[in-house]
Amino acid sequence: VVMLLSSYGAARVGPWTPDEGEPLTKRAEMFAEVNGHGDVVAWLEASRGYSPLHHVEVLTEGRAVELLRADVGWVGVRSTPVGLRRMGMRAPFWSYRTPVTPVSLALAKPDLPASSLIIAAAGTWSPASNRLWGAWERAHASALCKIGYRLAYSLEQ
């Protein structure tokens, strides 16, 4: 449940009023630790800085496609200008907030529903992976295909 809530952006910090004092800010890790949930504490600490796409274990295929198309989070290293735009211009902070990428998490658990989609989206564009790209990237790919077809047609004549 913690992973699912985190994937939707649940706050990890909230107000807490102790019995005898002023309101304090308490982190989710503290609540988990006080209640004896060491595994939750470890996961919360390890997942600081995760984007919604990092939550591979709880993503459905539909939500993964939605997040990929919305360009939420850093998918992985790409050498294409489109990929550099995806990870650099829109979300430059993912590279230093957490060293873990959604791709590395998907590769570690390839049998999960969202894993194959994330891995495919991290690769180069293809007609098969087109649905995983955002509107700008799909429009760009369409324009490039049209240019390619026109060039090929003009060379045949």
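Anyway, here's the lowdown on the structure attached to this text. Here the residue index of a chain counts from 1 through its sequence in written order. In view of the model being predicted, local features appear only for residues whose pLDDT reaches at least 70, and side-chain atom pairs are presented and counted only at 80 or more, with totals across whole chains, interfaces and linings using the full set of residues. Here the side-chain values reflect all heavy atoms present in the structure, with hydrogen atoms and water set aside.

### Section: the nonpolar core
(1) Moving on: Definition of nonpolar core: a set of buried residues of the types Ala, Val, Leu, Ile, Met, Phe, Trp, Tyr and Cys, connected through side-chain atoms within 4.5 Å. Each residue gets one of three labels from its accessible area relative to the maximum for its type: buried under 20%, exposed over 50%, partly exposed in between, using a 1.4 Å probe on protein chains only. Core analysis: the largest hydrophobic core is formed by 17 residues, its most contacted members being Leu53, Leu59, Leu68, Leu117, Ile118 and Leu132.
(2) Moving on: A run of DSSP states H or I qualifies as a helix once it reaches four residues; a run of E qualifies as a strand once it reaches two. Both are numbered from the N-terminal end. For this core, the secondary-structure elements that each account for two or more residues are helix 4 (61–69), helix 7 (102–108) and helix 8 (115–122).

### Re a nonpolar patch on the surface
(1) Moving on: Surface patches are drawn from residues lacking salt bridges whose relative accessible area is over 30%; two like charges belong together within 9 Å, two nonpolar side chains (Val, Leu, Ile, Met, Phe, Trp, Tyr) within 5 Å. Per-residue accessibility takes into account occlusion by the displayed protein chains alone, with areas from the Shrake-Rupley method and a 1.4 Å probe. The working definition used for a salt bridge is a side-chain nitrogen of Lys or Arg within 4 Å of a carboxyl oxygen of Asp or Glu. Nonpolar side chains collect at one region of the surface, where Leu144, Ile147 and Leu151 lie side by side and expose about 290 Å² of accessible area between them.
(2) Moving on: On the secondary structure map, leucine 144 appears in helix 9 (residues 135–156).
(3) Moving on: Judged by relative accessible area, which is 48%, leucine 144 ranks as partly exposed.

### Comments concerning the side chain of serine 6
(1) Moving on: Looking at the secondary structure, you find serine 6 in helix 1 (residues 2–7).
(2) Moving on: Within 3.5 Å is the distance limit for a polar contact, defined as a pair of N or O atoms, with the added protein rule that one can donate a hydrogen and the other accept it, and that residues adjacent in sequence qualify only through two side-chain atoms. In this structure the side chain of serine 6 is engaged in a polar contact, spanning 2.9 Å, whose partner is the side chain of arginine 12.
(3) Moving on: Any pair of residues with heavy atoms lying within 4.5 Å of one another is described as a contacting pair. Once residues within four sequence positions are removed from consideration, serine 6 is found in contact with Arg12, Trp43 and His55.

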